[in-house]
Each structure stands twice: as C-alpha cells, then as structure tokens.
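Chain by chain, the residues run as shown.
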Amino acid sequence: MGSKITGIGMFVPERVLTNQDLEKILDTSDEWITTRTGIKERHIADEWVKASDLALNASKEALDMAGIHPKDIDLVLVATSTPDMIFPSTACFLSDKLGCKNPMAFDFSAACSGFIYGLTIADSFIKSGKANNVLLVGSEVFSKIIDWSDRSTAVLFGDGAGAVVLSKSNDDSDILSTVMKSDGSHWQLLHCQVGEKLRMQGRETFKLAIKSMEQVCNKALAKAGITKEDIKLIIPHQANVRIIDALAEKLEVDRDKVYVNIQKYGNTSAASIPIAMYEAYKEGKINRGDYILLTAFGAGLTWGAIVLKF
Ligand code: UT7
C-alpha cells in the first residue's frame, strides 16, 4: 500500500508589500533586501484574515485537482506557527469551513520544516491504514508575529498557504524516503514566545541551515536508493536565496535544478515548499512521475528532506 499525491493548491492574500514599500517604514533599501535575501515582494493578509482562511482557498484547489469531496477526507493536518487560536486547532476550523465530515484534525508545529514533517505524518497514517485521504496544508500569517520596527526580520517573511491531498493507492508509494531532525538546544536562534514577536539571530541560523539541509538531502537520497542525477528538481524551503545557492553548491548540483520563487513571496514558513511545488508544476518544471527532492530548515531547530515521485 502506498500514498499518492493526488492534488495540490496554493493561495496568497491579494495585498503585495514591495521592498520599496518597506523603504518607507524602515531604515532599509531594495538593494540590501535583494542582494542579501533575493526577496523583492511578499503578500500580506488583511488584519481579520486568519491561517484557516488562506488554508481554505489552497485546500479547495487541491481537492478539486484530486477530484475528492471534503467529506471523503479522513485526516486534516495543518502545519502552522501562526494558528487562528491556541485552541481549537486551525485544522478544526479548516475542516468545518470545507464541510468535512468529522475527520481527524490537528495542527502541529515544526516551523519552516512543517511541510516535510507533515508529508511524513500523512504518509505514515496512510501506510498504516489509519487514513485513506489526507489533506495537508502549510498555512502562515507571519505578518501577525512580525515586529514591524525590526528591519532584520520584518523584510523576510510573507503570508500564504499551500495544500496537498495524499490518497491511498495500491501502486508503489510516491514518498520514497523521509528524514526529519531536530535540536532544541538552539531554540534561541529563532523563536516567538506566546504573545510576543518573532526574534532571530540571522547569521548563525544561516550557517546551520546550509549544513543541516545538505546532510539530510544526502541521507534522503541514499535512503531512497537514487542519486542526485535522477532528481528532476530540488525544492528547498525559501528563506534566503543565498542559502539556496550555497546548498546547490554543496550538493554539487546545477543551479537550474533548484527551484526559487522567494522573490515573490519571501519566507512563508510551512507554506513555502507546497507553494513552490505548486508553481514548479504549473510552470512545467516538474511533471507527474518525476523524482523531486524537498528540504527545509527552521525554528526548533527542525530540519528534514524528502525524496518523492511527484
Ligand atoms: O526560515 C527559517 C530559517 N531562516 C533562515 O534561514 C534565515 C537565515 N538568515 C538570513 O537569511 C540572513 O542572516 C539575514 C538575511 C537575516 C541577514 O543577512 P546577513 O548577511 O546575515 O546580515 P547580518 O545580520 O550579518 O547584518 C549585516 C548588516 C548589519 O549591519 P552592520 O552591523 O554590519 O552595520 C545589519 O544591521 O546589515 C544590517 N541589516 C540591514 N540593513 C538594511 C540587517 N537587516 C537590514 C535591512 N536593511 N533590512
């Protein structure tokens, strides 16, 4: 028994905040943000919009593509660090908005690695026979936890959601290997205390991100029994284009083999990989059946990689 990705969707709020807009409120410049991060703009949700609202739109598209009715979803998983409330879970709000029928529903927090953790959870539920159709969404409204007076973090993040439907299949699994790691001893590097704003020590986080993602990418490839030459596209978490460039160099892969869309969205945390996967698919950079390598690194610290057949 295997799990198949049967649908994918994404959604970002309409409002765009450009680097030029940020120049007006912070001591920063388009030149600094572009050269240090690769980001040109990001999407920001209106004040009243919640993670479950973004998740709803992304999920509808993924369910449409999968041809699956919400009532046939038996597990709703939301990866988020910016939930609607502390409780109930954003997954419960989402399943109600979608019209699901009493599914298992829960949120989990693995920060920017949320989608990697989530695909592994979804795959495990299917392979163990505990779920047939899983809706997995990474949805974030980081604009709500940003300190808009801190130029070292305010320029980096954006809001958005990406969703996939994973379904039980009698064919081989699409998820070939998964590797997930954590190290809580470095929690101070990137954190947000309850009721407070996000804080990050960028330079340290940067260095660990490259090293950690390189290690898990190589582990995931070895576990899947394939080489980087077999991979059509690497889709890394979008935190900084310089991290992505350094990762490509360490892995000794052609830069064209690594997907980047950070210029449009900034860092959308748990939503960044499904959004990138969606756009790579729509742009024809990946087709059904291609091998792809996903990798992420984030607060926790958490990090991981997955080899999958799209
Ligand atoms: O998604 C989870 C994982 N997150 C990450 O992986 C993020 C990792 N970190 C990074 O991407 C980078 O470290 C940053 C983009 C956050 C910062 O880039 P950096 O090259 O590491 O810059 P820095 O923090 O070393 O700062 C260099 C200078 C400092 O000025 P001084 O001390 O050299 O005078 C900062 O004050 O740049 C200054 N600076 C800015 N200047 C203009 C910091 N932020 C800004 C800004 N505009 N927005």
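For clarity, every value in this text was computed on a predicted model and none was experimentally measured.

### Remarks on the pattern of salt bridges
Going through the model one piece at a time under the given rule, you end up with 14 salt bridges. With a closest N to O distance of 2.9 Å, lysine 127 and aspartate 123 form a salt bridge. Residue lysine 127 and its partner aspartate 123 are both found in helix 5 (residues 114–127); the two are separated by four residues, about one turn of the helix. Its salt-bridge partner being arginine 199, residue aspartate 150 comes within 3.7 Å of it at the nearest N-O pair. Remark: arginine 199 occurs in strand 10 (residues 199–200) and aspartate 150 occurs in the loop between strand 6 (133–140) and helix 6 (151–154); sequence separation between them is 49 residues. The class of aspartate 150 is buried, set by a relative accessible area of 18%.

### Topic: the nonpolar core
Core analysis: the largest hydrophobic core is formed by 46 residues, its most contacted members being Ile231, Ile234, Leu293, Phe297 and Val307. Put simply, the parts of the chain that give this core at least two residues each are helix 7 (202–224), helix 8 (241–251), strand 12 (291–298) and strand 13 (302–309). When residues in this core are grouped by element, the largest group, eight residues, is from helix 7. Looking at which domains feed residues into this core, each of domain 1 (2–169) and domain 2 (175–309) supplies at least three.

### Details of the sheet that holds strand 11 (residues 233–236)
The four strands lie next to each other as 8-13-12-11, forming an open sheet whose pairing is mixed. Here the strands that pair on one side only, and so sit at the sheet edges, are strand 8 (175–182) and strand 11. Pairs of neighbouring strands in the sheet enclose a mean axial angle of 10 degrees, with direction left out of account. Here strand 8 pairs with strand 13 via seven bridges, running antiparallel.

### Here's the deal with the side chain of threonine 120
Relative to the helices and strands, threonine 120 is located in helix 5. Among all residues touching threonine 120, those that are not within four sequence positions of it are Thr178, Met180 and Ile306.

### Quick look at the site of the ligand
Residues in close proximity to the ligand total 24 residues, the closest being Thr28, Arg36, Arg203, Asn240 and Asn267. Within the contact set of the ligand, an oxygen atom lies 2.7 Å away from a side-chain nitrogen or oxygen of asparagine 240. Those elements that place two or more of their residues in the shell around the ligand are helix 2 (30–37), helix 6, helix 7, helix 8 and strand 12. The element best represented in the shell around the ligand is helix 7, accounting for four residues.

### Digging into the domain arrangement of the protein
Taken as a whole, the protein is organised into domain 1 (2–169) and domain 2 (175–309). Placing the centre of domain 1 and that of domain 2 at their C-alpha centroids yields a distance of 16 Å. Between domain 1 and domain 2 the total buried area reaches about 4000 Å² when both faces are included, carbon and sulfur atoms providing 65% of it. Put simply, domain 1 and domain 2 have two salt bridges between them. Arginine 199 is paired through a salt bridge with aspartate 147; the nearest N and O atoms lie 3.2 Å apart. At the junction of domain 1 and domain 2, the tally comes to 18 residue pairs in polar contact (both at pLDDT 80 or more). Elements represented by at least two residues in the side of domain 1 that touches domain 2 include exactly strand 1 (2–11), helix 2, strand 3 (41–43), helix 3 (51–66), helix 5, strand 6 and strand 7 (160–169). Top element by residues in the side of domain 1 that touches domain 2 is helix 5. It accounts for eight residues. Residues belonging to the side of domain 1 that touches domain 2 are distributed by class as follows: 23 nonpolar, 14 polar and 12 charged.

Each value, and the rule that gives it
Residues numbered from 1 in each chain as written. Predicted model: local features only at pLDDT ≥ 70, side-chain atom pairs only at ≥ 80, totals over all residues. Heavy atoms only, no water. Salt bridge = Lys/Arg side-chain N within 4 Å of Asp/Glu carboxyl O. Helix = DSSP H or I, 4+ residues; strand = E, 2+ residues; numbered from the N terminus. Buried < 20%, exposed > 50% of the residue type's maximum accessible area, 1.4 Å probe, protein only. Core = buried A, V, L, I, M, F, W, Y, C linked by side-chain atoms within 4.5 Å. Domains from an automatic or database assignment. Pairing = 2+ DSSP bridges. Axes fitted to C-alpha atoms, helices over the stretch in contact; angles between N-to-C directions. Contact = heavy atoms within 4.5 Å. Near = heavy atom within 4 Å. Polar contact = N/O pair within 3.5 Å; in protein donor to acceptor, adjacent residues only side chain to side chain. Buried area = accessible area lost by both parts, 1.4 Å probe. Nonpolar A, V, L, I, M, F, W, Y, C, P; charged D, E, K, R; others polar.

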